[in-house]
Amino acid sequence: MDIFSRIAAGEIPSYKCAEDEQFYAFLDINPVTRGHVLVIPRREVDYIFDMEDDELAAFQVFAKRVANALKAAFPCRKVAQVVLGLEVPHAHIHLIPMNTEGDVDFRKEKLKLSEQEFKEIAAKIYAEFVGK
């Protein structure tokens, strides 16, 4: 089981933002902005384009619901969707609140947030997700 599967299964703690039977969303622990979320399929699949068409479509719809919750929790111009990352062999989407394109610069120094800040951010997004 890879690290993201273990997170989705609850074996490794995370800051849950949303979930359903197929997908799980949680805060990135090295965020580029407040509210930086990772969305993953519960099924282990390394490459997003290896997903079956119906699963990929459902993944995008779930990510859209999370993005809407994220935008409600952290008002911004748009929520960026970024698919990258070779370090974890598990398909994932980064959702990042943005007001400028610089908000999505992965080369900049990551935010250092306290556990309490992570909990508050996740709770805010989760409340918006389940309220919709």
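Visitor: Describe in detail the environment of Phe118, supporting the description with residues and values.
Guide: Relative to the helices and strands, Phe118 resides in helix α3 (residues 115-131). Placed 116 residues apart in sequence, Phe118 and Asp2 show a C-alpha to C-alpha distance of 23 Å. Among residues more than four places away in sequence, those in contact with Phe118 are Tyr15, Leu27, Asp28, Ile29, Pro31 and Leu113.

Visitor: Residue-level account of α3, with values.
Guide: With 17 residues, α3 ought to run about 24 Å at 1.5 Å a step, and its terminal C-alpha atoms sit 24 Å apart, in line with that. Taken together, the buried positions of α3 are occupied by Phe118, Ile121, Ala122, Ile125 and Phe129. End-on, the buried residues of α3 take up no more than an arc of 95 degrees, which puts them together on one face. As for α3, its buried residues are in contact with β1 (16-19), β2 (23-27), β3 (37-41) and α2 (53-73).

Visitor: I'd like to hear about the packing of aromatic side chains, residue by residue, with values.
Guide: The full count for this structure, using the stated rule, is seven aromatic pairs. Aromatic pair Phe23 and Phe59: ring centres 5.3 Å apart, planes at 25 degrees, arrangement stacked. Of this pair, Phe23 sits in strand β2 while Phe59 is found in helix α2, placing the two residues 36 residues apart along the sequence. Here the aromatic cluster, defined as three or more aromatic residues joined through ring pairs, consists of Phe23, Phe59, Phe62 and Phe129. Over the ring of Phe74 we find Lys124, and its NZ or CZ is 4.8 Å from the ring centre.

Visitor: Could you give me a rundown of the sheet that holds strand β4 (residues 78-82), with the residues and numbers involved?
Guide: Strands sit in the order β1-β2-β3-β5-β4 across an open sheet of five strands; the sheet is antiparallel. For this open sheet the edge positions go to β1 and β4, each flanked by a neighbour on one side alone. Along the sheet, successive strands turn relative to each other by an average axial angle of 20 degrees, direction set aside. Strands β1, β2 and β3 of the sheet are contacted by α3, whose axis makes an angle of about 25 degrees with β1.

Visitor: Account for α2, with residues named and values stated.
Guide: Residue pairs spaced three or four apart in an α-helix point in one direction, given the helix's 3.6 residues per turn. The terminal C-alpha atoms of α2 lie 30 Å apart, and with 21 residues this matches the ideal 30 Å at 1.5 Å per residue to within 8%. Every buried residue of α2 is listed here: Glu55, Leu56, Phe59, Phe62, Ala63, Val66, Ala67, Ala69, Leu70 and Ala73. On an axial view of α2, the arc spanned by its buried residues comes to 165 degrees, and they lie on one face. Seen from the open side of α2, the exposed residues pointing more than 90 degrees away from its buried face are Asp53, Asp54, Val61 and Lys64. Taken together, the buried residues of α2 touch β1, β2, β3, β4, β5 (93-98) and α3.

Visitor: Tell me about the side chain of Glu55, and please be specific about residues and values.
Guide: With respect to the helices and strands, the residue Glu55 is situated in helix α2. With relative accessibility at 11%, the residue Glu55 sits in the buried group.

Visitor: Residues and numbers for the pattern of salt bridges, please.
Guide: Counted according to the given criterion, the structure contains eight salt bridges. With its nearest N and O atoms 3.2 Å apart, the salt bridge here joins Glu11 to Arg6. Arg34 is paired through a salt bridge with Glu117; the nearest N and O atoms lie 3.5 Å apart. Of the two residues, Arg34 is situated in the loop between β2 and β3 and Glu117 in helix α3; the sequence distance between them amounts to 83 residues. Residue Arg34 is classed as partly exposed on the basis of its relative accessible area of 36%.

About the cut-offs
- Residues numbered from 1 in each chain as written.
- Predicted model: local features only at pLDDT ≥ 70, side-chain atom pairs only at ≥ 80, totals over all residues.
- Heavy atoms only, no water.
- Helix = DSSP H or I, 4+ residues; strand = E, 2+ residues; numbered from the N terminus.
- Contact = heavy atoms within 4.5 Å.
- Expected span 1.5 Å × (residues − 1).
- Buried < 20%, exposed > 50% of the residue type's maximum accessible area, 1.4 Å probe, protein only.
- Arc of directions from axis to C-beta.
- Phe/Tyr/Trp six-rings, centres within 6.5 Å; stacked < 30°, edge-to-face > 60°.
- Lys NZ or Arg CZ within 6 Å of the ring centre and 35° of its normal.
- Pairing = 2+ DSSP bridges.
- Axes fitted to C-alpha atoms, helices over the stretch in contact; angles between N-to-C directions.
- Salt bridge = Lys/Arg side-chain N within 4 Å of Asp/Glu carboxyl O.

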